[in-house]
Amino acid sequence: SGVSLISKFRGCLAGALFGDCFGAPFEFEDENGPSPVVLNKFFAKLEGPPFKTPKYAYTDDTAMTKCIAQSFVDRASLDERDIAKRFVTDFYTDTTERGYGGHVTEVFRKLRDQQCADPMKPASEQFNGTGSYGNGGAMRVSPVPLFCFGDYNRMIHVAKRVTQITHTHPLGINGAILQCLAIHQGLTLDPRGEPLDVQKFADELITKMEAIEEPDQIDGRRPYNTQLQLIKKLLAKEGGASAHQVQESLGTSVDALFSVPTAIYSFLRAQKPIPDIETDNKFRRTIHYAISLGGDTDTIASMAGAIAGAYFGEEEINDSYKMYCEYVEEILELANGLHKIAKE
Ligand code: F2R
Ligand code: MG
Ligand code: MG
């Protein structure tokens, strides 16, 4: 039989945490991404004999993920005000610098001033009322497909509402929904049978997003549909697409449109060996590849790690990673809590 659902839940949240912690040291460090030598050494060390080191810190990606997961576990329902309060409390009380987005802190300030009475209002005022299209909604959406497992329509609704606490631009919202759908597909597929059909995985996302993404009023195009079609083309390239092609087309920025599809592509590309990545482990290959692309490495690796963890389950993740990141036990406990309330 396949991987258990509890293993997939734990793999998903642990995958998001490890992608964040291991990607963070490289975020916007080098225009082309870290060198293959540096990254292979980085992961080989983590997987080699135990060594003493300060734990890798998580960033805003995990800070916000844990607020959402804890709210679901404590309240067993969607409570936007409670989630907003947790975001604000965490932001103002955490003494570690978590590297939040450039403008989202303005939302926290306004939420604090109005005591989260109207939790969606400050986000709607961002960028002259257009809302943020950053990837801050997508990077923290992983608890949603776990909490809403078994209820597809509710999952879409919850992903949208949780995102709108900080991001109201359609590209920000739809990026979070797409990431949620990719995790959900990972949760429902069995990694132990036939190799993953990566074109089919992308096709299913295209079909689902067609029901969600409105065409642009001027040119009639659907931006995420365009990116998903591009993923299919890049995957079909003989010998694999180059890093440069991926960086230039899918992107590696903090925009949801130019990072969520890149995370999905990283997961799909990592189903087969990748030149310069010295491992047979597909979870490691996923986050290693995501980081190798450079740019928003913590977030792209975190989103890719959440999808890979949801698909493969906890058992594909090297156990030694647990020694080197903060908040591992806690995130696994949150995954257990979400599993208890999930409807199978
Ligand atoms: N902030 C970081 N890392 C430092 C990034 C520096 C980099 N050189 C750069 O900004 O390009 N990491 C964390 O932030 C990302 C998540 O951000 P989030 O939560 O979406 O924040 P925010 O402030 O809402 O949006 C981020 C930036 O996107 C641009 N932007 C968004 N909507 C816009 C709009 N409607 N019009 C114009 N610009 C918009 C702004 O530059 C925002 O500052 C993750 O990477 C996380 O790890
Ligand atoms: Mg971050
Ligand atoms: Mg980031």
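Things to note about the coordination of the magnesium ion (ligand 2)
On the protein side, the magnesium ion (ligand 2) has Thr59 (OG1), Asp60 (OD), Asp61 (OD) and Asp298 (OD) as donor atoms, found 2.1 to 2.3 Å from it. Between consecutive donors of the magnesium ion (ligand 2), the numbers of intervening residues give the motif T-D-D-x236-D. Separating the magnesium ion (ligand 2) from the magnesium ion (ligand 3) is a gap of 3.6 Å, which Asp298 spans by donating to each of them. One end of the pair, Asp60, is in helix H3 (residues 60-75); the other, Asp298, is in helix H16 (residues 297-312), and 238 residues separate them in sequence. In this structure, Asp60 and Asp298 share a single accessibility class: buried.

Here's the deal with the packing of H3 against helix H17 (residues 328-341)
Contact geometry for H3 and H17: axes closest at 9 Å, N-to-C directions at 35°. Relative to H17, the crossing made by H3 is left-handed. Mapping the contact onto sequence places Thr62, Lys66, Ala69, Gln70, Phe72 and Val73 in H3 and Ile331, Leu334, Gly337, Leu338 and Ile341 in H17. For the contact of H3 with H17, the class distribution of residues is seven nonpolar, three polar and one charged.

Side note on the site of ligand 1
In the vicinity of ligand 1 there are 24 residues, among which His103, Ser132, Tyr133, His167 and Asp296 approach most closely. With respect to ligand 1, the backbone of Gly102 contributes an N or O atom lying 3.4 Å from an oxygen atom. When isolated, ligand 1 has an accessible area of 910 Å², and the protein chains bury 74% of it. Counting residues per element, the ones that place at least two in the shell around ligand 1 are H3 and H16.

Topic: the packing of helix H10 (residues 170-188) against helix H11 (residues 198-210)
Contact pair H10 / H11: the axes reach a minimum separation of 10 Å and the direction vectors enclose 135°. As far as their axial angle goes, H11 and H10 are oblique. In the packing of H10 onto H11, the handedness of the crossing is right-handed. Taken together, the residues of H11 that come into contact with H10 (itself represented by Asn174, Ile177, Leu178, Leu181, Ala182, Gln185 and Gly186) are Phe201, Glu204, Leu205, Lys208 and Met209. Across the contact of H10 with H11, the residue classes break down as seven nonpolar, three polar and two charged.

Rules of the game
Residues numbered from 1 in each chain as written. Chains lettered and ligands numbered in written order. Predicted model: local features only at pLDDT ≥ 70, side-chain atom pairs only at ≥ 80, totals over all residues. Heavy atoms only, no water. Donors = N, O, S within 2.8 Å, 3.2 Å for Na, K, Ca; no water. Helix = DSSP H or I, 4+ residues; strand = E, 2+ residues; numbered from the N terminus. Buried < 20%, exposed > 50% of the residue type's maximum accessible area, 1.4 Å probe, protein only. Axes fitted to C-alpha atoms, helices over the stretch in contact; angles between N-to-C directions. Left-handed = near helix turned anticlockwise from the far one by under 90°. Contact = heavy atoms within 4.5 Å. Nonpolar A, V, L, I, M, F, W, Y, C, P; charged D, E, K, R; others polar. Near = heavy atom within 4 Å. Polar contact = N/O pair within 3.5 Å; in protein donor to acceptor, adjacent residues only side chain to side chain. Areas by Shrake-Rupley, 256 points an atom, 1.4 Å probe, with all protein chains shown as cover. Parallel < 35°, antiparallel > 145°, perpendicular 65-115°, else oblique.

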